[in-house]
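# Summary of the model geometry
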Amino acid sequence: MKDAAPQAVHLSEYRPFSHLIDHVALTFRLSPQGTRVISKIAFRPNPEAAPSRELKLDGEQLKLISARIDGRPVNTEVTETGLTCAVPEGAFVWEAEVEIAPADNTALEGLYMSNGMYCTQCEAEGFRKITYYPDRPDVMAPFDVRVESDLPVMLSNGNPTAQGKGWAEWHDPWRKPAYLFALVAGDLVAHSGRFTTMEGRDVALNIWVRPGDEGKCDYALDALIRSMKWDEEVYGRAYDLDVFNIVAVDDFNMGAMENKGLNIFNSKYVLASPETATDRDYELIEGIIAHEYFHNWTGNRITCRDWFQLCLKEGLTVFRDQQFSGDMRSAAVKRIESVLQLRARQFREDNGPLAHPVRPESYIEINNFYTATVYEKGAEVIGMLKRLVGDEGYYKALDLYFDRHDGQACTIEDWLKVFEDATGRDLAQFKRWYSQSGTPRLHVEESFEGSRLTVRLRQETPPTPGQSEKLPQVIPLAFGLLHPDGHEMVGTQMVEMDEVETVLTFDTEGVRPVLSLLRGFSAPVIVERDLTAEDRAFLLAHDTDPFNRWEAGRALAKDVLVGMITKGSVAGPDYLSALEQVLRDDGLDPAFRSLALALPGEDDLAQTLADGGMTPDPAAIHGARRKLSLAIAQHLSGVLADTYDAMDVPGPYTPDAKAAGVRALRLTALGLLSRVDGGRRAARQFQQADNMTEQLGALTALLTIGEGGAQVADFYRQWSHDRLVLDKWFNLQAMYAPPEDAAGIVEKLSQHPDFDWRNPNRFRSLIGGLAANHAGLHEASGESYELIADWLIRLDPKNPQTAARMTTIFETWRRYDADRQQMMRAALERIAAAPGLSRDSTEMVGRILG
Ligand code: TRP
Ligand code: ZN
């Protein structure tokens, strides 16, 4: 069995494939249990590879019906993972017919079925479950595809060429690797639009959904059109086919997939109406539509040589979608949200047993490396490059990248070389960001004497698995100085720290300035700096850099919470009045005010305590956070009530950032007020809400204070017909369950007839919801650990990819006390011992246990 002895793949062992492909023709005769895939592939020797009279193709779970070379049957040696056969010296045509069973494919990788519809997911290595092929990103080819079935809609990559009753043909002129192949067939309807590119190409845009959902596609289509326009304006990149299709699928392992000309989306990132989707959903739809569209240039036209280079497309494309969202919405708010996400997911990863470089050097299962480090830290690395070379240098380098590498499968070396060539900079040291794992700590010491401020900065990256020694990295450090009267003395400047120690001095004519450091979060590092509550409150009130304003408030809240947890102290008046000032400041964007008021999450606090050498107590963290919320609500009840009322903007719901920001602030106020009004306002809002943002926000506020039983039942009655809304119903109950009841509540919900655990969205809503309930997950009995392990063991044989991803629930096990460590280790060991555990989960659990 292949699962018995998983083999690691190493970057250092890359070799080009023996052959190139000039053309691929595929015919699909679709049938749930016996789909026939007929392939005809024109190979020729690869001049860059050692000559080979042997052809090795990847293939898994395929029934080989026939194989021919140049029309003559050939002998093949077939194994669990592929086949080998002898081939002529020069060019030849490979023809094969295989049979597969999409209806039995529960892993959602390769060709599978979702609610009667056929669809594919080939990244990273799913094409090998469709037919025999060199399933690696550096083998690129133009594809012709014929689909035969009695379903009304049949789609594949590229442009449609012909269709008749029971068949459709597609031609994709752009050479692409197999992971970008896609096919969809089903009873679908399109919500359509058009876009004319700057090159004058008239493009038909279609969003394909199940009948009944066509009214929920407006926003996705609008986001697509804005993305197309933005990529032309900012990067000079135009779309390159006559059609762009997007299909929404209910069963999907990830968010979405950038298949050439035929993006496939998890339906939750396409379908939206004011009644069923929250502001957050709209924001995610916009960002993910943009992300997948931007891949057309960064990923598809220029792809990865091998999977170690994944960040080449993902880091860059995340960076591009973040830029886009910043332009569409508020750049400051977007930056804060990106950093929140980076810290919650990537810092957590970088601090634990799963830490790996942005460009890993080995893997067992590549699906396990679609991580926050590759994506989000990968995007931060691009952001740092941009800061270092400046905007002009950045866009010059990008133009060169598109010029030089269009149509190629590239490496991080190629990427850095265009920056070196375009800007003349040496990036040898910068490259360490791609090879060193772990989050650098930046220790800051300040002294002020006479008229001189001296700032000593020291960088240090703690050891991570497999990397005990770390070298200094290039850290672009943006900073400014504020005069004690609040005005800016030195506007934002940048220093490049490239040694372990850097000393900055400022002559300041006798006044002691306040240093605003790491403005805009100019590098993904952890700043360790002792700052008084006064200085933090000062920065919160006066910093001209919005990110650092927010950061000061967050640090203030963290200090207060850590004091409450470790010393039993209470929130001081400084903190409360600083919050009040922010709340009352009408000059501040409501979205920003909402973010500034939100307290750090419990997992974040646990990490902060662990970083400080303490053992986090989940119940104490939960208690302190509740207590602080109550204190804020009590002290600021008047201004919170005013804010709640003032943010009640009449008129129909619109999903734009401005309106969403107003609702966000209103909900933040509601969450706090509910702690002192017994849920009166929330209950009323739940009754009156005409949109999901306000309905769900009200329900959250009620659940948070231990109320909401009746509303949970009402919500179910109202929405049991809508699967995406029902996901929210499951999720909320798990996330906001009282810690001591969480396992029981989730266990009971898992018996609910609507808990379709084979659907990844539903599974993540409930089981992932429990994991997001920090105190509930770590409740002292260990019941939640057990329940999660049971479910992962059950899911793994059906859907290894999703099960393996979710083992990261346990990645922080070493943070906690001995009892909890022991229980989490036992849960992990139980998963590891499950008979037939997938290669995916085996690798993850092994790494987490260390
Ligand atoms: N390339 C996709 C993206 O980032 C990610 C993705 C979608 C994926 N589905 C997947 C990765 C399945 C691995 C497996 O947009
Ligand atoms: Zn991507």
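Residues numbered from 1 in each chain as written. Chains lettered and ligands numbered in written order. Predicted model: local features only at pLDDT ≥ 70, side-chain atom pairs only at ≥ 80, totals over all residues. Heavy atoms only, no water.

### Comments concerning the environment of V9
- By the element assignment, V9 lies in strand β1 (residues 9-10).
- The partly exposed category is assigned to V9, whose relative accessible area is 34%.
- Taking the C-alpha atoms as reference, V9 lies 8.3 Å from E361; in sequence the two are 352 residues apart.
- If we skip the residues at most four places from it in the chain, V9 touches F308, E361, S362 and Y363. (Helix = DSSP H or I, 4+ residues; strand = E, 2+ residues; numbered from the N terminus. Buried < 20%, exposed > 50% of the residue type's maximum accessible area, 1.4 Å probe, protein only. Contact = heavy atoms within 4.5 Å.)

### Structural notes on the packing of helix α16 (residues 680-688) against helix α17 (residues 692-704)
- At a minimum axis separation of 8 Å, α16 and α17 run at an interaxial angle of 150 degrees. The angle between α16 and α17 falls in the class roughly antiparallel. Considering how the two elements wind past one another, α16 and α17 form a crossing that is left-handed. Along its contact with α16, which presents A682, A683, Q685 and F686, the element α17 presents E694, Q695, A698, L699, A701 and L702.
- Within the contact of α16 with α17, the residues separate by chemical class into seven nonpolar, two polar and one charged. (Axes fitted to C-alpha atoms, helices over the stretch in contact; angles between N-to-C directions. Parallel < 35°, antiparallel > 145°, perpendicular 65-115°, else oblique. Left-handed = near helix turned anticlockwise from the far one by under 90°. Nonpolar A, V, L, I, M, F, W, Y, C, P; charged D, E, K, R; others polar.)

### Considerations on the coordination of the zinc ion (ligand 2)
- Here the zinc ion (ligand 2) is held by the protein donor atoms H291 (NE2), H295 (NE2), E314 (OE) and E314 (OE), which lie 1.9 to 2.8 Å from it.
- Because the angles between the six donor atoms bound to the zinc ion (ligand 2) fall within 45 to 162 degrees, the donor set is best described as irregular.
- All donors of the zinc ion (ligand 2) come from a single chain, and their spacing in sequence reads H-x3-H-x18-E. Comparing H291 with H295 shows no difference in burial state: the two are buried. (Donors = N, O, S within 2.8 Å, 3.2 Å for Na, K, Ca; no water. Tetrahedral: all angles 85-135°; square planar, octahedral: opposite > 155°, others 65-115°.)

### Points about the nonpolar core
- Core analysis: the largest hydrophobic core is formed by 274 residues, its most contacted members being W94, W415, F430 and Y575.
- Ranked by residues supplied to this core, first place goes to helix α5 (residues 372-405) with 14 residues.
- If we ignore the near neighbours within four places in the chain, the residues touching W415 are L312, L316, I382, L385, L398, Y401 and Y434. (Core = buried A, V, L, I, M, F, W, Y, C linked by side-chain atoms within 4.5 Å.)

### A short note on the site of ligand 1
- Taken together, 15 residues lie near ligand 1, and E123, A256, E258, E292 and Y375 sit nearest.
- In the model, an oxygen atom of ligand 1 is placed 2.7 Å from a nitrogen or oxygen of the E292 side chain.
- Here Y375 contributes a side-chain N or O atom positioned 2.6 Å from an oxygen atom of ligand 1.
- For ligand 1, whose accessible area on its own is 360 Å², the fraction buried by protein is 97%.
- Among the secondary structure elements, those contributing two or more residues to the shell around ligand 1 are β20 (256-257), α2 (279-294) and α3 (310-328).
- Tallied by class, the residues present in the shell around ligand 1 amount to five nonpolar, five polar and five charged. (Near = heavy atom within 4 Å. Polar contact = N/O pair within 3.5 Å; in protein donor to acceptor, adjacent residues only side chain to side chain. Areas by Shrake-Rupley, 256 points an atom, 1.4 Å probe, with all protein chains shown as cover.)

### Regarding empty space enclosed by the protein
- Applying the stated criterion to the full structure yields one cavity of 30 Å³ or more.
- By volume, the largest cavity is sized at about 60 Å³.
- What lines the largest cavity is S114, N115, M117, V209, R210, D213, A248, V249, D250, S267 and L271.
- Across the lining of the largest cavity, the residue classes break down as five nonpolar, three polar and three charged. (1 Å grid on protein atoms, 1.4 Å probe; cavity = no way out; pocket = protein on both sides within 12 Å on 5 of 7 lines; lining within 4 Å. Points joined across faces, edges and corners; volume = space filled by probe spheres on them.)

### Examining the domain arrangement of the protein
- The domain architecture assigned to the protein consists of domain 1 (9-187), domain 2 (303-435), domain 3 (441-530) and domain 4 (720-850).
- Distance between the C-alpha centres of domain 2 and domain 3: 24 Å.
- In this assembly, 21 residues from domain 2 lie in contact with 22 residues from domain 3.
- A combined buried area of about 1,800 Å² lies between domain 2 and domain 3, and 59% of that area is made up of carbon and sulfur atoms. (Domains from an automatic or database assignment. Buried area = accessible area lost by both parts, 1.4 Å probe.)

### Examining the environment of W170
- Within the element layout of this structure, W170 appears in strand β15 (residues 167-176).
- Through-space distance from the C-alpha of W170 to that of N157 is 6.6 Å; in sequence the pair is 13 residues apart.
- Among the polar contacts made by the side chain of W170, one reaches the main-chain carbonyl oxygen of M154 at a distance of 3.0 Å.

### Side note on the packing of aromatic side chains
- All chains considered together, the criterion is met by 41 aromatic pairs.
- Pairing F28 with F181 gives two aromatic rings, centres 5.7 Å apart and planes at 15 degrees, and the pair type is stacked. Of this pair, F28 sits in strand β2 (residues 19-29) while F181 sits in the loop between β15 and β16 (183-186); the two residues are 153 residues apart in sequence, bridging distant segments of the chain.
- With a centroid separation of 4.9 Å and an interplanar angle of 40 degrees, the aromatic rings of F308 and Y363 are classed as tilted. With F308 in the loop between β22 (303-304) and α3 and Y363 in strand β23 (residues 362-363), this pair connects stretches of sequence that are 55 residues apart. For the pair formed by F308 and Y363, the shared burial category is buried.
- The lysine or arginine in question, R237, covers the ring of W297, its NZ or CZ lying 4.6 Å from the ring centre.
- Cation over ring: R320 sits above Y235, and NZ or CZ is 4.5 Å from the ring centre. (Phe/Tyr/Trp six-rings, centres within 6.5 Å; stacked < 30°, edge-to-face > 60°. Lys NZ or Arg CZ within 6 Å of the ring centre and 35° of its normal.)

### What to know about the layout of surface pockets
- Size it by volume and the second largest pocket reaches roughly 1,300 Å³.
- At the level of elements, β1, β4 (54-58) and β8 (82-86) are the ones that each hand at least two residues to the lining of the second largest pocket.
- With five residues, β4 is the largest single contributor of residues to the lining of the second largest pocket.
- In the lining of the second largest pocket, the residues fall into 20 nonpolar, eight polar and 17 charged.

### A word on the sheet that holds β8
- Read from one edge of the open sheet, three strands run β4-β8-β7, paired in antiparallel fashion. The open sheet terminates on both sides in strands that have one partner only, identified here as β4 and β7 (77-78).
- As judged from the five bridges shared by β4 and β8, these two strands associate in the antiparallel manner. The residue of β8 that forms the bridge with K56 is T84. (Pairing = 2+ DSSP bridges.)

### Comments concerning the packing of helix α10 (residues 573-584) against helix α14 (residues 637-646)
- Between α10 and α14, whose axes approach to 10 Å, the crossing angle comes to 20 degrees. If you check the angle between α10 and α14, you find them roughly parallel. α14 is crossed by α10, and the crossing has left-handed handedness. Within the contact between the two elements, α10 uses E580, L583 and R584 and α14 uses V639, L640 and T643.
- Taken together, the residues that form the contact of α10 with α14 break down as three nonpolar, one polar and two charged.

### Brief notes about the pairing of strand β14 (residues 159-164)
- One ladder, built from five bridges, connects β14 with β15; its direction is antiparallel. If you follow G164 over to β15, its bridge partner there is W167.

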